Amino acid sequence: MNLELKRAYEEIEKRLRKIAFEKLWPYFYRFDFALYNQEEVYFNGSFFPKTDQFIGNTTINYQGHQIAIWFITSYNCDYDILTSKIIHEMFHAFQTVCGELRFPNEIVGLNYPLDRMNYTIKYQENLIITKLVKNFQILEFDKLFNLKRLRKERIGHFFDYEEKIQIIEGMPTFVEMLALKTLSEEKYSSSLEKRLNYIQMIDEVFDVRKISYDLGALILMILTENNIFFSKDLKTKATIYDEVIKKIELKEVDVDENLEINLKTDVWLENKKNLIYNVLTKASFSCDFEGLLIYFDPYNAKKYQNYIYHPYFIGLQDESGKIDVLYGTFVTQMKDDNLRIEKYYKL
């Protein structure tokens, strides 16, 4: 029985009482949450052994109820920030209960194209978002969505994937930021500055899924603070882009080639290849497997050709329906884009 786990839970409970959930998002309400480590879970005043249902920081259906879960790696943490992260996962529970319709196909994200001009335009968008957060100007706002329009025409359903991630992860991140602001204005300001600095880093533009958390949240902040309407109904199929593009003046925008992005696109590809090659060549074992990859962490997964790199865990289902969750660093060799596996390797 880890009393530090219980103490962390109580620290978060104290802070949750300060949050008016319905002010963060219409009809949002508090969900139960669990904290866990490698051995045990603490939930609603009780300890019990960890099971494979507790994977990552997310929302799960536990005993018929949607709850938020968080894996505790250190007890020497900032509980204001951790509470805001728990509220992020509670919003995922809220999305699930409300029947959110915009969850994307994560395989589309793993197959995201290495298109240099797409990344160049995307980086321009990031710089404009930073400007708009600090000083809103309608011409810059229109330019942002005209640049997005260019990318939608260029990469099609991959752009739609991005926009859905900016909904699915951007909304909880936006709510997380508002919650942190309630708990500490100073920590909120620091967090906002870090997010703005992050989206301006060229090296970060390539990890489309990761950066979408902050981009989605910052766009929602821009819309909210400047009274630009967007639907907060979680059952709509429309993305923020779908709503806003109808309201702006459509214009042609010029985009210059960015040589640094051209070079770093090649570096991004090499880094993905090296992660996979390292596991394939140094694997402690490999196993032929007929079945499905049913759990993986899309935030950290990387794909090259028919190989997917997984730094922390995989969940496999064999043809009899038996499910196993394996922990460690893996590469799965895929048969197709329907998550069928033919082999896996463990570092």
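Above: the structure in question.
I will try to describe carefully the structure that is included in this document. This structure is a prediction, so every number in the text was calculated from the model and none was measured.

## Side note on the sheet that holds strand β3 (residues 46-49)
Judged by pairing direction, the sheet is mixed, and its five strands sit side by side in the order β3-β2-β1-β5-β4 without closing on themselves. The sheet is open, and its two edges are formed by β3 and β4 (58-62), each paired on a single side. Taken over all neighbouring pairs, the strand axes of this sheet differ in orientation by 35° on average, direction set aside. Relative to strand β2 (residues 40-43), strand β1 (residues 33-36) runs antiparallel, the two being bridged by three bridges. The residue of β2 that forms the bridge with Ala-34 is Phe-43. The strands touched by helix α1 (residues 3-16) within the sheet are β1, β2 and β3, with β1 carrying the most contacts at an inclination of about 150°. The strands that helix α3 (residues 79-98) touches are β1, β4 and β5 (65-71); relative to β5, the one it contacts most, it runs at about 150°.

## Thoughts on unusual backbone geometry
Positive phi, normally seen in glycine, also occurs at Tyr-27, with a value near 70°. Structurally, Tyr-27 is set in the loop between α2 (21-24) and β1. Taking the relative accessible area as the measure of exposure, Tyr-27 reaches 74% and is therefore exposed. Positive phi values are uncommon outside glycine, yet Gln-305 reaches one of about 55°. Within the fold, Gln-305 resides in the loop between β7 (302-304) and β8 (307-310).

## Details of the packing of helix α6 (residues 138-155) against helix α7 (residues 157-168)
The contact between α6 and α7 brings their axes to 6 Å, and the two run at 130°. One finds that α6 runs oblique with respect to α7. Taken together, the residues of α7 that come into contact with α6 (itself represented by Lys-148, Arg-151, Lys-152 and Ile-155) are His-157, Phe-158, Phe-159, Asp-160, Glu-162, Glu-163 and Gln-166. Grouping the amino acids of the contact of α6 with α7 by side-chain chemistry returns three nonpolar, two polar and six charged.

## Concerning the pattern of salt bridges
The full count for this structure, using the stated rule, is 32 salt bridges. With a shortest N-O distance of 2.3 Å, Arg-116 and Asp-266 are connected by a salt bridge. Of this pair, Arg-116 sits in helix α5 (residues 116-134) while Asp-266 sits in helix α12 (residues 259-282), and the two are 150 residues apart along the sequence. The partner of Lys-264 in a salt bridge is Glu-260, with the nearest N and O atoms 3.2 Å apart. One end of the pair, Lys-264, and the other, Glu-260, are both in helix α12, four residues apart, so they sit about a helical turn from each other. Residue Lys-264 is classed as partly exposed on the basis of its relative accessible area, which comes to 24%. For Glu-260, a relative accessible area of 39% corresponds to the partly exposed category.

## Observations concerning the nonpolar core
One recurring pattern in soluble globular proteins: nonpolar side chains tend to sit buried together. Ranked by size, the top nonpolar core spans 82 residues in total, and within it Trp-25, Phe-28 and Leu-35 carry the most contacts. Sequence-distant contacts of Trp-25, defined by excluding residues within four places in its chain, comprise Phe-91, Phe-94, Met-171, Phe-174, Val-175, Phe-230, Lys-232 and Leu-234. With 13 residues, the next largest nonpolar core counts Phe-289, Ile-314, Phe-330 and Tyr-344 among its residues.

## A short note on the pairing of strand β12 (residues 340-346)
Two strands pair when backbone bridges link them, and strand β6 (residues 285-295) and β12 are joined in this way by six bridges, in the antiparallel orientation. Residue Cys-287 lies in a different strand from β12, and its bridge partner there is Tyr-344. As judged from the five bridges shared by strand β11 (residues 330-334) and β12, these two strands associate in the antiparallel manner. Within the sheet, the bridge partner assigned to Thr-332 lies in β12 and is Tyr-344. The loop that links β11 with its antiparallel partner β12 comprises five residues; one of these, Leu-339, has a positive phi angle of about 65°.

## Some words on α5
If you check α5, its first and last C-alpha atoms are 28 Å apart, about what 19 residues at 1.5 Å a residue would give, namely 27 Å. Of the residues that open α5, the one with a side-chain oxygen 3.1 Å from the backbone nitrogen of Met-117 is Asp-115.

## A closer look at the sheet that holds strand β9 (residues 313-318)
In sheet architecture, strand pairing relies on hydrogen bonds along the backbone and comes in two forms, parallel and antiparallel. The strand order across the open sheet formed by seven strands is β7-β8-β11-β12-β6-β9-β10, and the pairing between neighbours is antiparallel. Strand pairing shows two members of the sheet lacking a second neighbour, β7 and β10 (323-327), which therefore form its edges. With strand direction ignored, the average angle separating the axes of adjacent strands in the sheet is 40°. Across the sheet, α12 touches β7, β8, β11 and β12, and the angle it forms with β7 is around 90°.

## What to know about the packing of aromatic side chains
Throughout the structure, instances matching the rule amount to 30 aromatic pairs. With a centroid separation of 5.4 Å and 55° between ring planes, the pair formed by Phe-91 and Phe-94 is classed as tilted. Residue Phe-91 and its partner Phe-94 are located together in helix α3, separated by three residues, close to a single helical turn. The interplanar angle of 80° and the centroid separation of 5.1 Å between the aromatic rings of Phe-159 and Tyr-241 together place this pair among those described as edge-to-face.

## With respect to the side chain of Glu-163
Among the structural elements, Glu-163 can be located in helix α7. Not counting residues within four places of it along the chain, the set of residues in contact with Glu-163 comprises Lys-148, Thr-239 and Tyr-241.

## Digging into the pairing of β10
Note that β9 and β10 share five bridges and pair antiparallel. Considered in β10, the bridge of Ile-314 is made with Leu-326. Where β9 folds back on β10, the antiparallel hairpin that results is connected by four residues, among which Gly-321 adopts a positive phi of roughly 100°.

Cut-offs used in this document
- Residues numbered from 1 in each chain as written.
- Predicted model: local features only at pLDDT ≥ 70, side-chain atom pairs only at ≥ 80, totals over all residues.
- Heavy atoms only, no water.
- Pairing = 2+ DSSP bridges.
- Helix = DSSP H or I, 4+ residues; strand = E, 2+ residues; numbered from the N terminus.
- Axes fitted to C-alpha atoms, helices over the stretch in contact; angles between N-to-C directions.
- Contact = heavy atoms within 4.5 Å.
- Buried < 20%, exposed > 50% of the residue type's maximum accessible area, 1.4 Å probe, protein only.
- Parallel < 35°, antiparallel > 145°, perpendicular 65-115°, else oblique.
- Nonpolar A, V, L, I, M, F, W, Y, C, P; charged D, E, K, R; others polar.
- Salt bridge = Lys/Arg side-chain N within 4 Å of Asp/Glu carboxyl O.
- Core = buried A, V, L, I, M, F, W, Y, C linked by side-chain atoms within 4.5 Å.
- Expected span 1.5 Å × (residues − 1).
- Polar contact = N/O pair within 3.5 Å; in protein donor to acceptor, adjacent residues only side chain to side chain.
- Phe/Tyr/Trp six-rings, centres within 6.5 Å; stacked < 30°, edge-to-face > 60°.

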